[in-house]
Amino acid sequence: MSYSLNEVEATAKRAARGAGLSWGMAEEASKAARWLCMQDLPGCKILSAALLLNDGTTLAERAPIRLTGTWASTSGSLCPILTGACLSDCASLLKNSEITLQSVNHPLLLAHFVGASARLLSMQDPQHSRVTVSAQWAGASVTSDGYQLCVTGPQTELHATKADGVTIRLGGEITTPQPLQNRASPNPEDWQAFLNFAQRTYAPATEESRLLGAGAGVNDND
């Protein structure tokens, strides 16, 4: 089944909320999934896997303890959504030094936030030069200027469920940009995972809600 990028974003947002993220973080997650799909990468698969991994955990355990030195979490593994949002907020830190993440789950999900950081830094540049930002781990690399994305390295590392020692820095070449897409065709099981999480955001029907809803309710005289 093929879905528009708007459908991907809307469904991913509700799924992320159902998985326990705040609406603000759910929006960040959905934009990340949409952007990866636009870049011809399996955004739905990566986000659904990240949500499944976070499910049942305290999100505070997977957020960076501090934004100085090496970023780490109390659980030992950083959530790429929470970490990526912090990266976007602290992109200016990259002007002084690289950022190292001790360990992060599904690192490819960081690509969206790498791009967001590059866009922000480009806007802040006095010469309005287009800035690139890169993230590297275990032979894999993603580089973006906020619009184009270049990914290199073994597929096993690019799609790793966990990466240690992720380094984010200014610079990097976009040698072969990803082909841009305007629709996504996620695997049915990944889309179903979104729907399962999204279902948690719906209040169960009650007798009162049915009576107050549209239609004849329980009294139909037609």
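Scoring rules and cut-offs
Position labels on residues start from 1 in each chain and follow its written sequence. It should be noted that, the model being predicted, local features are given only for residues of pLDDT at least 70 and side-chain atom pairs only at 80 or more, the latter also being counted only at that level, while totals for whole chains, interfaces and linings use all residues. As a convention, hydrogens and water are excluded, and side-chain values are obtained from all of the structure's heavy atoms. Axis lines are fitted through C-alpha atoms, for helices just across the contact stretch, and the angle between N-to-C directions can take any value from 0 to 180 degrees. Helix and strand assignments come from DSSP, with helices taken as H or I runs of at least 4 residues and strands as E runs of at least 2, each series counted from the N terminus. To sort the angles, those under 35 degrees are grouped as roughly parallel, those over 145 as roughly antiparallel, those from 65 to 115 as roughly perpendicular, and the leftovers as oblique. Working rule for handedness: look at the near helix, and if it is turned counterclockwise from the far one by less than a right angle, call the crossing left-handed; if clockwise, right-handed. Only heavy atoms enter the contact rule, under which two residues are in contact if any of them lie within 4.5 Å. In this classification, the charged set is Asp, Glu, Lys and Arg, the nonpolar set is Ala, Val, Leu, Ile, Met, Phe, Trp, Tyr, Cys and Pro, and all remaining amino acids, among them Gly, are polar. Whether two aromatic rings pair depends on their centres lying within 6.5 Å, for rings of Phe, Tyr and Trp, where Trp uses its six-membered ring; planes under 30 degrees apart make the pair stacked, over 60 edge-to-face, and the rest tilted. Partly exposed describes any residue whose relative accessible area lies between the buried limit of under 20% and the exposed limit of over 50%, with all areas from a 1.4 Å probe on protein chains only and scaled to the type maximum. Any two strands are treated as partners once DSSP identifies two or more bridges connecting them.

For any two helices packed against each other, the geometry comes down to the angle between their axes and how far apart the axes lie. Where helix H1 (residues 5-18) meets helix H7 (residues 188-199), the axes come as close as 7 Å, and the angle between the chain directions of the two elements is 50°. The angle between H1 and H7 places the two elements in the oblique class. When you trace H1 past H7, the crossing you get is left-handed. Mapping the contact onto sequence places Glu7, Val8, Thr11, Ala12, Arg14, Ala15 and Gly18 in H1 and Trp191, Phe194, Leu195, Phe197 and Ala198 in H7. The residue makeup of the contact of H1 with H7, split by class, is 8 nonpolar, 2 polar and 2 charged.

So, on to the packing of helix H4 (residues 80-89) against helix H5 (residues 111-124). In the contact formed by H4 and H5, the axes pass within 9 Å of each other and the chain directions differ by 10°. Regarding the angle of H4 to H5, the classification is roughly parallel. For the pair formed by H4 and H5, the contact residues are Pro80, Ile81, Gly84, Ala85, Leu87 and Ser88 on the first element and Phe113, Val114, Ala116, Ser117 and Leu120 on the second. Of the residues in the contact of H4 with H5, the class split is 8 nonpolar, 3 polar and no charged.

Right, let's get into the packing of aromatic side chains. Under the definition given, this model contains 2 aromatic pairs. Summarising the aromatic geometry, the rings of tyrosine 3 and tryptophan 191 are spaced 3.8 Å apart at their centres and angled 15° between planes, so their arrangement reads as stacked. With tyrosine 3 in strand E1 (residues 3-4) and tryptophan 191 in helix H7, the pair connects residues that are 188 residues apart, well separated along the chain. Of the residues examined, tyrosine 3 reaches a relative accessible area of 14% and is grouped as buried. According to the relative accessible area criterion, tryptophan 191 is buried, its value standing at 9%. An angle of 55° between the planes, with centres 5.9 Å apart, marks the rings of tryptophan 191 and phenylalanine 194 as tilted. Highlighted residues: tryptophan 191 and phenylalanine 194, both in helix H7, separated by 3 residues, approximately one helical turn. Grouping residues by exposure puts tryptophan 191 and phenylalanine 194 together as buried.

Alignment of strand E4 (residues 140-144) against strand E5 (residues 149-152), held across 4 bridges, turns out to be antiparallel. Its bridge partner being in E5, serine 144 is matched across the sheet by leucine 149.

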